[in-house]
Structures are given as C-alpha cells and as structure tokens.
Amino acid sequence: MSENEYGRSRRGGREYRGGRGYRGGGYHGGGSARRDDRSRRDYDDEPRDGILADLVGHLHALDGRSYAAYKATVGRYEAPEGWVLRIDRVQPDPYAPPTRIRLEIPADLPGLEILADRGLVGTVDRRLAVRDFLTRELHAGFKGTALSIASPGQEILERSAVVLLPDADPQEDGEDGEQAASAAAWTLEIRARMALPARGRSIQGHEAARIVSRDLTREVGTALDLTGRRAERLTAHVAALEDHRALARAVRENGWVSFLADGAELPRRSGVSDAPMRTGAVPLRAPEPLAAVVELPHAGRVRGTAIGSGVTVIVGGGYHGKSTLLAAIERGVYPHVPGDGRELVATVPDAVKVRAADGRAVTGVDLSPFISHLPGGRDTTAFTTKNASGSTSQAASIIEAIEAGASALLLDEDTSATNFMIRDARMRALIPADKEPITPFVDRIRPLFAERGASTILVAGGSGAFFDVADHVIALDHYRPRDVTAQAHDLATGRRKTSPGAVFSASSSRILA
C-alpha cells in the first residue's frame, strides 16, 4: 500500500480525521493578528489502537507543531501485511535517544514458510540463529534511514533486538532444546529505534509519515521475505550455529581446550576490526602430530588442530601469527557467522583471557599462591587495593578466573607483566626467593593444572622459560603451525620443581552476579 493510500484509508466507515485523539478543529476566531488561517487540532496523549494508516495520517496532521506533540503517537498500529507496530516511548526532543518501537510479527505470515517447513523454530539453537539472522538483515536494511537496530558483530549471540515469543506457555525443552515446531505458535518481536524528524523544534510530519509508510514497511517486508537466496543464507546461518555447538561438544568430550579446522582463516582486517581479511589470509592446516578429525551434522567430516589440556606454549617470530592464533582461540567460545573464517573454531566455553590491568581495583582476593611475605607483613590471603600494579592485577585476574570455574587460561606475553610471568636465573641468584614477594607464573602453571584442572595456552616470543613446563609447543611460521614440542624439550634446562603440598585452595569459589 502506497503512502497516499495509507493517508486515504478509512476506519470504521469514516474518513480518517487525525486519529482517535482528534478533537475537532476550525478557526477559533478573534485573537491575535499573528494567528494564521490554519485550523488548530488538539490531541490527547492516550495510547492509540488503530491501523498503520491512522498513524501516517496523524503524522501528516502534526506537521509544523511543537516537537512534544509527537508524544500523542504512542500506541499500537496494525499494518495491512499482518504485523503490528507499537510505539512504546517517544523521544522528548530531536537530540534525545531515538523513539523506541516494537514490531509484532506472527511467525506464520507469508514469506516465513521456511520457519515451519524446515523446523527452524523447533529448537533453542535454531530460534537463536533465526533471530540473529533477522537482526543482521534489518540492520543492513535500516542503513541510510531514520531507523536503527542493535548492531551485530561477527558472532551469533543471544540478543534482545529480535526475539521469538511463544503464543502460549512453552513446554519444557527436551534434550535438544526442542519445543513446538509449528510457526503458528510463535510471534517474532523486533525491537528497534526510529529518529523522529524535526526542523529546529518543530515536527516534520510529512517526513515522519514517509519513514513509517515507506522505509519501515519496505525494510520489514524485505527482511521477512525468507525465500530464494535469503532462505539459503538463513539455512547456512542455522547450519553454522549447529556445527559449532556440535564441535564444542566434541572439544569437551575429547578433553581438548580448542579445535581449529583446516581451512580456517584467522587473520582479521585490522587491529581494530573483527571482520576477516578481504584477501591474502593464509588458511590454517593442522600439523600431523596435532591433527584430529571430528564429525559434524552439516559440515560432515572435518580435520583440524586439536589443542589438548595441560600447558601449551605458542612461539614464533614477530608478525608470524602467534597472537592471531590466540585471539581465534579466545573468540572460539562463540559461534561465528558464515564467511567469518572462524566458523569451525571452538574452545571450551569457560576459557578466560587474562592480562595485566594496571590501576584496576582488587577486593578480597587470595593472592597468596603468587604474592606473599610483603614488606610490613601485610596479609595477601584477602588482598584489597584500589590501584593494583601490573603483576598484582594479573595475579588477581587469574585467581578470580579459577574461582569462577575457568578450565583454561589464555595469556599473551605482550599484555602480561614480565615480573609476574618469569624470573631468570641471574635475577634468582641476585634476589633470593625470601626477598622476593612474587612467585612467577612459570612456577605455578603446573600446580594450577594439577590441583585445579586449569589448562594454559600461552604466547611466548621473548623467553623460553616455559619450555620446561610445557606439554605442547606450537611454532607459527608465516601463519602455519608446526609441532616443535620435542625440540623445545631438548632445549629446556630441566622440568621445574614445584612446591610440596597444595598451592591453590580447593575451597575458594566466586559467585558470578
């Protein structure tokens, strides 16, 4: 329906006269000569309940009025296509955050048949993939308009921008998160924003009407047409999520920390972008000693690099891909969109990246495994400071991660405190242990795994100190991994001795709010 058709539509057999809030018009006579000949209309602020044509006509009628009159548009408006627009909160002025709107869309509308035909609302993961896909479609379509929606990244994540709501109380999900597969039992709710236009502080009603009758209806109609190429992309989106879920299960079942499929393209476009490189990325290929094969529901048989539990050290020359590999492992806790390059990279979900954070606050953390016998006898079993040093902050972050249940720690020497990570032989000889409050991480990395089951993946480019404690050593050469564990152990001066008795308290736990 065109904009003019919206404006000419009738409701209840009577021509539209400005919506339910219209209270009549006409020139009031007399008064100041400054008054023009335009009829004056008064609108109440009660929520409206009508059709989209009512809103379009109302916006035309508001043209030129004070911006505050937009408040009278709050309400519910049904579109001819079967979906409903709800305006929940109107921005108070042109410079405030945009107006909040919701779209309620029955999941069995024409164009959405694929949801029922392929069972895309039957499981939690499939519904999540559908919601994420629609968010991306709307975000792309809204560009260049006064409409906006949450901006998605490269990961397929739980978001509130698009949700699927059951029309009745849902039954408990089955083992695979299955619920009613009928699309008729679900309603899509899209939560977006609309910047209402103004000239100064006067309403641009005709432009606002075009936003609703043209931009909104066009982009919603396009996004909800899940046929043809769009249907294929949606299917690939669902497959990417389900394959990642299956791969993450395989990682846990095999006792690995991470799995990176052959062919994965890990380099990013820049240091401030998470998008893949446009050209020149070197596909990953597993070195034979680390190669493993998994079976996935859509991708089938997949070969890749399996990083086992324990201590893994990643080495190599500068700019050869060490930190890039660690970053891919770090982001592998999330599923990625098709075309990202890291779709088949999966990491245990409770892996935590740890770095030094000078100046952070630390409250009641037991740092005694790493820091003790401070000058002045200050207790470190419940350490508190508002301005931690690099070493103290990194020690606290590790303890907090372990208390929160992390099964893997990811560290990069570029973002770590050197005096926390290692102490070489010369420094140990010059400053004896009883004069140094900090026990370096290299001396605690094995007890951390033995006592708390926490594996470590560490990037090391400047020191071979961790060769003594490493289970696996991977070298990056022009982004290609090689297993150099045997050579690294040959260079090691000997396995480091660990302190007798338990180092890490088994009773400590941290409640995540």
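As the structure is a computational prediction, the values presented were derived from the model and not from experiment.

Reading guide: rules and limits
Residues numbered from 1 in each chain as written. Predicted model: local features only at pLDDT ≥ 70, side-chain atom pairs only at ≥ 80, totals over all residues. Heavy atoms only, no water. Helix = DSSP H or I, 4+ residues; strand = E, 2+ residues; numbered from the N terminus. Buried < 20%, exposed > 50% of the residue type's maximum accessible area, 1.4 Å probe, protein only. Pairing = 2+ DSSP bridges. Axes fitted to C-alpha atoms, helices over the stretch in contact; angles between N-to-C directions. Contact = heavy atoms within 4.5 Å. Expected span 1.5 Å × (residues − 1). Salt bridge = Lys/Arg side-chain N within 4 Å of Asp/Glu carboxyl O. Core = buried A, V, L, I, M, F, W, Y, C linked by side-chain atoms within 4.5 Å. Polar contact = N/O pair within 3.5 Å; in protein donor to acceptor, adjacent residues only side chain to side chain. pLDDT = per-residue confidence, 0-100. Phe/Tyr/Trp six-rings, centres within 6.5 Å; stacked < 30°, edge-to-face > 60°.

A. Highlighting the overall build of the protein. Within the protein one finds twelve helices and 25 strands. Here the protein holds 513 residues, and 48% of them are scored as buried.

B. View of the sheet that holds strand β22 (residues 408-412). With respect to topology, six strands assemble into an open sheet ordered β19-β22-β23-β17-β24-β25, the strand pairing being mixed. Edge positions in the open sheet fall to β19 (351-353) and β25 (480-483), since each of these has one partner strand only. Going across the sheet, the axis of each strand differs from the next one's by a mean of 20 degrees, ignoring polarity. Strand contacts of helix α7 (residues 322-331): β17 (311-316), β19, β22, β23 (455-459) and β24 (472-477), with the helix running at about 150 degrees to β22, the strand carrying the most contacts. Along the sheet, helix α11 (residues 445-452) makes contact with β17, β22 and β23, crossing β23 at roughly 155 degrees.

C. Structural detail: helix α8 (residues 390-403). If you check α8, its first and last C-alpha atoms are 20 Å apart, about what 14 residues at 1.5 Å a residue would give, namely 20 Å. For α8, the tally of buried residues reaches 14 of 14 residues, placing the bulk of the element in the interior. G405 occupies a position one or two residues after α8 and carries a positive phi of about 100 degrees.

D. Seen up close, the sheet that holds strand β18 (residues 345-347). The four strands are arranged β15-β16-β12-β18 in an open sheet whose pairing can be described as antiparallel. The open sheet is flanked by β15 (291-296) and β18, the only strands paired with a single partner. In this sheet, adjacent strand axes meet at a mean angle of 30 degrees when their direction is disregarded. Bridge count for strand β12 (residues 256-261) against β18 is three bridges, and the pairing is antiparallel. Residue F259 lies in a different strand from β18, and its bridge partner there is A346.

E. Spatial organisation of the pattern of salt bridges. Applying the stated rule across the entire model yields 29 salt bridges. The partner of E158 in a salt bridge is R131, with the nearest N and O atoms 2.8 Å apart. In this pair, E158 sits in the loop between β7 (147-148) and β8 (162-166) while R131 sits in helix α4 (residues 124-142), placing the two residues 27 residues apart along the sequence. With a closest N to O distance of 2.9 Å, E400 and R360 form a salt bridge. Here E400, found in helix α8, pairs with R360, found in the loop between β19 and β20 (362-365); they are 40 residues apart in sequence, far enough to count as distant. Given a relative accessible area of 18%, E400 falls into the buried group. Taken together, the salt bridges that share partners define one network made up of R86, D88, R102, E104, E189 and R191.

F. Quick look at the nonpolar core. Of all hydrophobic cores here, the largest spans 60 residues; its most connected members are W83, L85, I105, L115 and L234. For L234, the residues in contact, after removing those within four places along its chain, are I114, L115, L120, A129, V130, F133 and L226. Counting residues in hydrophobic clusters, the runner-up holds 43 residues, among them F383, A417, I445 and V503.

G. Local environment of the side chain of Q154. Position of Q154 relative to the elements: it lies in the loop between β7 and β8. A distance of 2.7 Å separates a polar atom in the side chain of Q154 from a polar atom in the side chain of D340. The contact partners of Q154, leaving out residues within four places of it in the chain, are R136, D274, A275, P276, P335, H336, V337, D340 and R342.

H. A look at the confidence of the model for the protein. Chain-level pLDDT for the protein is 89 on average; 85% of the residues reach the 70-or-more range. This model gives residues 1-41 a pLDDT under 50, and the stretch forms 55 contacts once residues within four places in sequence are excluded.

I. Looking closely at the packing of aromatic side chains. In the structure shown here, the tally under the stated rule is seven aromatic pairs. Ring geometry for F370 and F504: centres 5.8 Å apart, planes at 65 degrees, overall edge-to-face. One end of the pair, F370, is in the loop between β20 and β21 (383-385); the other, F504, is in the segment after α12 (485-491), and 134 residues separate them in sequence. The exposure class assigned to F504 is buried, which follows from its relative accessible area of 6%. These aromatic residues form a ring-pair network of at least three members: F370, F420, F441, F466 and F504.

J. Local environment of the pairing of β25. As judged from the four bridges shared by β24 and β25, these two strands associate in the antiparallel manner. Looking at β25, one finds that I474 is bridged to D483.

K. Main features of the environment of M421. Secondary-structure assignment places M421 in helix α9 (residues 418-421). Judged by relative accessible area, M421 falls into the buried class, the value being 6%. Sequence spacing of M421 and A465 is 44 residues, and the spatial spacing of their C-alpha atoms is 9.3 Å. Not counting chain neighbours up to four residues away, the residues in contact with M421 comprise Q394, L411, S416, P440, F441, V442, L458 and F466.

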